[in-house]
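Chain residues, written in single-letter form:
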Amino acid sequence: MRQSSPDHGLPPLPDPATPTPRRLHMITWGCQMNVYDSARMADVLAPLGYAPTPSPDEADMVILNTCHIRDRAAEKVFSELGRLRGLKAGRAAAGQRMILAVAGCVAQAEGAEILARAPFVDIVLGPQTYHRLPEMVARVARAGGAVIDTSFPAEQKFDFLPEAAAPQTAGGLTAFLTVQEGCDKFCSFCVVPYTRGAEASRPAASVLAEARRLVGSGAREITLLGQNVNAYHGDAPDGGTWGLGRLIRELAEIGGLARIRYTTSHPRDMDAELIEAHAKVPALMPFLHLPVQSGSDRILSAMNRRHTVADYLALIDQLRAARPDLALSSDFIVGHPGETAADFEATLDLVRRVGFAQAFSFKYSPRPGTPAAGAGGQVAEAEKDARLQALQALLRAQQAAFNESCTGRDLPVLFTGPGRHPGQIAGRSPYLQPVHLAGPATLIGRIAPVHITAAHTNSLTGTMHTAPMPEERACA
Ligand code: SF4
């Protein structure tokens, strides 16, 4: 950790050792792991008196929790900082102090650059150091100036964090739980190994304890998170090591935990025990996000994905044999350097062969410092646009077909909150589709069968199923 020059001219902060009430506003970009991290940063600041506020206007501290995956990520952060600069200056003019912190992967990648371009920022911290946030706040309070900590500390941050306060989403009924962080795969296009560090897993006992607390606070569904979640290899209570399949089996024993999901997986880490969990653990939901990125072996090799199309298809066969109603999701990048029209056709072919219930697809865009950014054979923007449109049209059609195949069926729905209209409630199908229907609010928090009457682009509508639930039938 180091400090830059003092921030002169601002009123001092209250002593953080005295927990007077303060307001914390968080802006979170990116994946569920960032949503989880934001919640844990709020937990770690709660003993200092910080409570969440929905508006930055009245906040004593604003944290931007950033994501480096998408295009122009850093520019979006600097643009937001420009807006907050005026707010901070206005507060200072009124004799009040606002701490401004930048966290997450952009902070990790651009740490010093952030303080150079935005010297009004007080704290820059990477994803591995947010357990040190109270100490950073104290240093800013004591000495002024800016603090930057983007190290990869030897200590595991999870050993130093307070207990998670509450489930993070959908009225507390669904929760994220990070079990693994970091990545050793070094795909050609990705910054994660550089910003999140090497793969590390939390001890199983710590994961189980947090899951029990979340269920005790009302969570019915937990999504296990990790950059490579299925690379999970945590120290086990019996002195051995558990993989994700074993961890899921143990989590499924927690009374009251009805649904388990996990994301994001790498095809190479999908082992036999995890595939077996899909067959044998009813609480493990039949929906899997398994990124493939390309349908061309040549491009998969250039991406350093370390699996082939045949490997991926064989894996899908095994998974579907284990859980025939498994719905699949994936990530695709079109226009990776060197991708020809034939490579792209191979991607479309893979999509047709697998059939996805949903997917995320992006144009390749270079990330500074990654191998693909400097590679030859960059694809023209117009060509990338055309390929993305063609791929997305196919994926949209598959999603529509999957949703349509659910109509007329009876699906167990976890009701998570009120719907958009009076008298409506909303929930989630096993396949992660939002479901809306007329029903009593007393059902919120319960799982009940719903007869699906209509499919929409991204959701389903239905009616309460009055007959006993028949044996669950899958969508196609
Ligand atoms: S597996 Fe590849 S794409 Fe996924 S986080 Fe690691 S390097 Fe990035």
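Scroll up a little and you will see the structure.
Going along each chain's sequence as written, the residues are numbered from 1 onward. Predicted model: local features are reported for residues with pLDDT of at least 70 only, side-chain atom pairs are reported and counted for 80 or more only, and whole-chain, interface and lining totals are derived from all residues. Excluding hydrogens and water, the side-chain values take into account all heavy atoms of the structure.

A.B. asks: Can you break down the overall build of the protein residue by residue, with the values?
C.D. replies: A run of DSSP states H or I qualifies as a helix once it reaches four residues; a run of E qualifies as a strand once it reaches two. Both are numbered from the N-terminal end. The helix and strand tally for the protein stands at twelve helices and 22 strands. For the protein, the residues scored as buried account for 54% of the 476 residues in total. In what follows, residue pairs with any heavy atoms lying within 4.5 Å of each other are defined as contacts. Residue pairs at least 24 apart in sequence account for 73% of intrachain contacts in the protein once pairs closer than 6 positions are excluded. As displayed, the protein offers around 19100 Å² of accessible surface, 54% of which is attributable to carbon and sulfur atoms. Classification of residues uses two cut-offs on accessible area relative to the type maximum, computed with a 1.4 Å probe and protein chains only: under 20% is buried, over 50% is exposed, and between them is partly exposed. For every accessible area listed, the method is Shrake-Rupley and the probe measures 1.4 Å; residues are considered covered only by the protein chains on display.

A.B. asks: Mind laying out the sheet that holds strand 11 (residues 221–225), listing which residues take part and the relevant values?
C.D. replies: Note: two strands are recorded as paired if DSSP finds a minimum of 2 bridges between them. One open sheet accounts for three strands, arranged 8-11-14; its pairing is parallel. Among the strands making up the open sheet, the edge pair consists of strand 8 (174–178) and strand 14 (259–263). Here the strands of the sheet are splayed against their neighbours by 25° on average, with no regard to which way each runs. Bridge count for strand 11 against strand 14 is five bridges, and the pairing is parallel. Within the sheet, the bridge partner assigned to E221 lies in strand 14 and is R259. Each axis is a line fitted through C-alpha atoms, taken for helices only over the stretch in contact, and angles between the N-to-C directions span 0 to 180 degrees. The strands touched by helix 6 (residues 204–216) within the sheet are strand 8 and strand 11, with strand 8 carrying the most contacts at an inclination of about 165°.

A.B. asks: For the pairing of strand 16 (residues 327–334), give the residues involved together with the corresponding values.
C.D. replies: Across the eight residues that make up strand 16, a large majority, eight, are buried. The pairing of strand 15 (residues 287–289) with strand 16 spans three bridges and is parallel. Directly across from L288, in strand 16, lies its bridge partner L328. With strands facing away from the observer, any crossover in which the path from the first strand over the helix to the second runs clockwise is taken as right-handed. A crossover links strand 16 with its parallel partner strand 17 (residues 358–363), the connecting element being helix 11 (residues 341–354), and its sense is right-handed.

A.B. asks: Summarise the environment of V77; cite the residues concerned and give the values.
C.D. replies: Its location among the elements puts V77 in helix 2 (residues 73–93). Taking the C-alpha atoms as reference, V77 lies 7.3 Å from T66; in sequence the two are eleven residues apart. Excluding residues within four positions of it along the chain, V77 makes contact with W29, L64, T66, V102 and V106.

A.B. asks: Explain the sheet that holds strand 17 to me, using residue names and the numbers behind them.
C.D. replies: With respect to topology, three strands assemble into an open sheet ordered 15-16-17, the strand pairing being parallel. The outermost strands of the open sheet, each flanked by one partner alone, are strand 15 and strand 17. Mean inter-strand twist for the sheet, computed between neighbouring axes without regard to direction, equals 10°. Across six bridges, strand 16 lies against strand 17 in parallel orientation. Paired with S330 across the strands is A359, a residue of strand 17. Across the face of the sheet, helix 12 (residues 381–405) comes into contact with strand 16 and strand 17 while running at roughly 175° to strand 17.

A.B. asks: Outline the site of the ligand, listing residues and values.
C.D. replies: Any residue with at least one heavy atom within 4 Å of a molecule or strand is counted as near it. All residues adjacent to the ligand are C183, K185, F186, C187, F189, C190, V192, P193, N228, H266 and R305. Lys, Arg, Asp and Glu make up the charged group, whereas Ala, Val, Leu, Ile, Met, Phe, Trp, Tyr, Cys and Pro make up the nonpolar group; the residues left over, Gly among them, are polar. Looking at the shell around the ligand residue by residue, the classes come out as seven nonpolar, two polar and two charged.

A.B. asks: Could you give an account of the pairing of strand 14, with specific residues and numbers?
C.D. replies: Burial within strand 14 is extensive, with five of its five residues counted as buried. Covered by surrounding structure in strand 14 are R259, R261 and T263 together with I260 and Y262, the residues of both alternating faces.

A.B. asks: Give a detailed account of the pattern of salt bridges, specifying residues and quantitative values.
C.D. replies: Take a side-chain nitrogen of Lys or Arg and a carboxyl oxygen of Asp or Glu: if they are within 4 Å of each other, that pair is a salt bridge. In the structure shown here, the tally under the stated rule is 26 salt bridges. A salt bridge links R83 to E80, with the nearest nitrogen and oxygen atoms 2.5 Å apart. Of this pair, R83 and E80 both sit in helix 2, separated by three residues, roughly a single helical turn. The class of E80 is buried, set by a relative accessible area of 15%.

A.B. asks: Give me the lowdown on the packing of aromatic side chains, citing residues and values where you can.
C.D. replies: Note on ring pairs: Phe, Tyr and Trp rings are taken, using the six-membered ring of Trp, and paired if centres are within 6.5 Å. Classes follow the plane angle, with under 30 degrees stacked, over 60 edge-to-face and the rest tilted. As enumerated under the stated definition, the model contains three aromatic pairs in all. Ring centres of F332 and F356 lie 5.6 Å apart, and the angle between their planes is 85°; on these two criteria the pair is classed as edge-to-face. Taken together, the positions of F332 in strand 16 and F356 in the loop between helix 11 and strand 17 put the pair 24 residues apart, joining distant regions of the chain. Exposure remark for F332: the relative accessible area of 0% places this residue in the buried category. Given the relative accessible area of 2%, F356 is considered buried. A ring is scored as having a charge over it whenever the NZ atom of a lysine or the CZ atom of an arginine sits within 6 Å of its centre and within 35 degrees of its normal. Directly above the aromatic system of F78 lies the positively charged group of R117, at a separation of 3.8 Å from the ring centroid.

A.B. asks: Explain the packing of helix 10 (residues 309–322) against helix 11 to me, and be specific about the residues and the numbers.
C.D. replies: Between two packed helices, the angle of one axis relative to the other and the distance separating the axes together describe the packing. The geometry of helix 10 relative to helix 11 is characterised by a closest axis approach of 11 Å and an angle of 10° between their N-to-C directions. Here helix 10 lies roughly parallel to helix 11, going by the angle between them. Contacts between helix 10 and helix 11 pair V309, Y312, L313, I316 and R320 from the former with L350, R353 and V354 from the latter. In terms of residue class, the contact of helix 10 with helix 11 is built from six nonpolar, no polar and two charged. Oblique is the label for any angle not covered by the other classes, which are roughly parallel (under 35 degrees), roughly antiparallel (over 145) and roughly perpendicular (65 to 115).

By themselves, these are just geometric observations and shouldn't be taken as functional.
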